[in-house]
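# Reading the structure
Letter by letter, the chains look like this.
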Amino acid sequence: MADGGKFAPKTPVNLNPPKDDPISLEQLAMCDGNRDGYPTYVAIKGTVFDVSGNKAYGPTGQYR
């Protein structure tokens, strides 16, 4: 690794690949990690990722 591994996660994170299912802005807003029964999603340039398995994106994580 060119960075010496300093940007690698301390524990491996396995995220599901993105899906081709359309999602409305209203539905995406509900998937913020603060609601029981909803996954945690992150949208980057129109692609939505399910980051539910990564605590960094949860309500107490650094990317909340």
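Residues numbered from 1 in each chain as written. Predicted model: local features only at pLDDT ≥ 70, side-chain atom pairs only at ≥ 80, totals over all residues. Heavy atoms only, no water.

Regarding its fold elements, the chain presents one helix and two strands. Starting at the N terminus and ending at the C terminus, the chain contains elements arranged as α-β-β. Projected onto its principal axes, the C-alpha positions of the chain cover 40 × 25 × 15 Å. Out of the 64 residues in the chain, the part that is buried amounts to 16%. (Helix = DSSP H or I, 4+ residues; strand = E, 2+ residues; numbered from the N terminus. Buried < 20%, exposed > 50% of the residue type's maximum accessible area, 1.4 Å probe, protein only.)

Attention now moves to the pattern of salt bridges. For the structure on display, the rule yields one salt bridge. Residue R35 is joined to D32 by a salt bridge in which the shortest nitrogen-to-oxygen separation is 3.0 Å. For R35, a relative accessible area of 35% gives the class partly exposed. Overall, D32 belongs to the partly exposed group, its relative accessible area being 32%. (Salt bridge = Lys/Arg side-chain N within 4 Å of Asp/Glu carboxyl O.)

Another point: the packing of aromatic side chains. Scanning the entire structure with this criterion turns up one aromatic pair. When the ring of Y57 is compared with that of Y63, the centres are 5.2 Å apart and the planes differ by 25°; the resulting orientation is stacked. The partly exposed category is assigned to Y57, whose relative accessible area is 24%. Among the residues examined, Y63 registers a relative accessible area of 54% and is labelled exposed. (Phe/Tyr/Trp six-rings, centres within 6.5 Å; stacked < 30°, edge-to-face > 60°.)

This part covers the pairing of strand 1 (residues 41–44). For a regular strand, the rule is simple: side chains alternate between the two faces of the sheet. Taken together, the four bridges between strand 1 and strand 2 (residues 47–50) define a ladder with antiparallel strand orientation. Residue pairing in the sheet places V42 in a bridge with F49 of strand 2. (Pairing = 2+ DSSP bridges.)

It is worth spelling out the side chain of N54 at this point. Looking at where N54 falls in the secondary structure, it is placed in the segment after strand 2. What makes N54 buried here is its relative accessible area of 16%. Apart from residues no more than four positions distant in its own chain, N54 is found in contact with V13 and L15. (Contact = heavy atoms within 4.5 Å.)

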